[in-house]
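What the coordinates show
Next come the chains, spelled out residue by residue.
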Amino acid sequence: MKLFPSLQLHMPQIDLQEIMEHLRHNEERRTYPLWQEDDCLCFIARGREYRSEFHLNPSHEMQYSLKGDLHLHYRTPEGVEKVAVVPEGHCLYQPPMVPRFPPDAFQLVVERKRRPGEVDRFHWFCPSCDNLLHEERFIVSDYGTDPVSRAYDNFWGSLDFRTCKKCGTIMPDR
């Protein structure tokens, strides 16, 4: 007797070490989607040495530090930047914030897949006066398109975006 006759079990095994090696030797891609289901998205991310933005996505997420430490940069409701450190081997359930970790570190990320029309936002702040420099917005329907890299390309490709309107400081190029 079948208890769940309509349930098809597809349970692929994933070699996390192999994926981390692949990402380590691929300078163009820093993320590797493992699955994107209706309500769940999972990927492995490699750190970016030039990451400086605050990525605000519409959902909470779980991050597991596969290799290296996670430095979670966030802003308090008063706008003060803080950093929480999550050591290798630990996991964190976090509200929408940006993690930063070095290029030799890897994170396993599980989050809710974006709903139609939800917007991811990327904020950069002036390194001198902390004024908002620029905001990039993306509707992320497929995480395989690597929205973080696209946001960075737009930001770093514009001297105007990197120039503070308040104090004139130019954020150095990556």
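Predicted, not measured: the structure shown is a model, and the values here were computed from it. (Residues numbered from 1 in each chain as written. Predicted model: local features only at pLDDT ≥ 70, side-chain atom pairs only at ≥ 80, totals over all residues. Heavy atoms only, no water.)

**Some words on the sheet that holds strand β7 (residues 91-94)**
Inclusion rule: In this scheme, strands are said to pair when DSSP sees at least two bridges between them. Strands here are runs of E lasting at least two residues and helices are runs of H or I lasting at least four, both read from the DSSP assignment and numbered beginning at the N terminus. Geometry is summarised by axes, namely lines fitted to C-alpha atoms with helices restricted to the contacting stretch, and by angles between N-to-C directions that run from 0 to 180 degrees.
Pairing within the open sheet is antiparallel, and its five strands lie in the order β1-β2-β9-β4-β7. Of all strands in the sheet, those bounded by a partner on one side alone are β1 (31-36) and β7. Recorded for the sheet is a direction-independent mean angle of 20° between the axes of neighbouring strands. In the sheet, strand β2 (residues 41-46) pairs with strand β9 (residues 106-111) via six bridges, with the strands oriented antiparallel. Bridge pairing in β9 links C42 to V110.

**Overview of the sheet that holds strand β11 (residues 132-138)**
Quick reminder of the rule: Note on contacts: a residue pair is in contact if any heavy atoms of the two residues lie within 4.5 Å.
Across the sheet, which stays open at both edges, the three strands sit in the order β3-β10-β11 with antiparallel pairing between neighbours. The sheet is open, and its two edges are formed by β3 (54-56) and β11, each paired on a single side. On average, adjacent strands in this sheet sit at an angle of 20° to one another, irrespective of strand direction. Packing against the sheet, helix α2 (residues 147-156) makes contact with β3, β10 (120-125) and β11, and its axis sits at approximately 140° to β11.

**As for the pairing of β1**
Each regular strand shows side chains that alternate between the opposite faces of the sheet. Bridging between β1 and β2 involves five bridges; their strand directions are antiparallel. Across the sheet, the residue bridging to Y32 is I44, located in β2. Hairpin remark: β1 followed by β2, antiparallel, with four residues in the connecting loop.

**Overview of the nonpolar core**
The test is simple: What makes a nonpolar core is a set of buried Ala, Val, Leu, Ile, Met, Phe, Trp, Tyr and Cys residues whose side-chain atoms join them at distances within 4.5 Å. Buried, partly exposed and exposed residues are distinguished by accessible area as a fraction of the type maximum, computed with a 1.4 Å probe on protein chains only: under 20%, between the cut-offs, and over 50%, respectively.
If you look at the biggest cluster of nonpolar residues, it comprises 23 residues, and the most contacted ones within it are W124 and L133. Those elements that provide at least two residues to this core are β2, β10, β11 and α2. Ranked by the residues each element gives to this core, the list is headed by α2, at five residues. Contacts of W124, omitting those with residues within four sequence positions, involve S52, E53, N131, L132, L133, H134, E136, A151, Y152, F155 and M171. Formed by nine residues, the second largest nonpolar core is a distinct cluster that contains I19, M20, L66 and L108.

**Some details on helix α1 (residues 16-24)**
The following threshold applies: This arc is built from the directions going out from the helix axis to the C-beta atoms. Residues adjacent in sequence count toward polar contacts only when both atoms are side-chain atoms; beyond that, a polar contact is any pair of N or O atoms within 3.5 Å, and within protein one must be able to donate a hydrogen and the other to accept it.
Three or more residues of α1 are buried, namely I19, M20 and L23. Buried residues of α1 fall within an arc of 100° about the axis and therefore sit on the same side. Structural note: α1 exposes Q17 and E18 on the side pointing more than 90 degrees away from its buried face. Buried residues in α1 make contact with β1, β2, β4 (61-67) and β9. The backbone nitrogen of Q17 lies 3.2 Å from a side-chain oxygen of the residue at the head of α1, namely D15.

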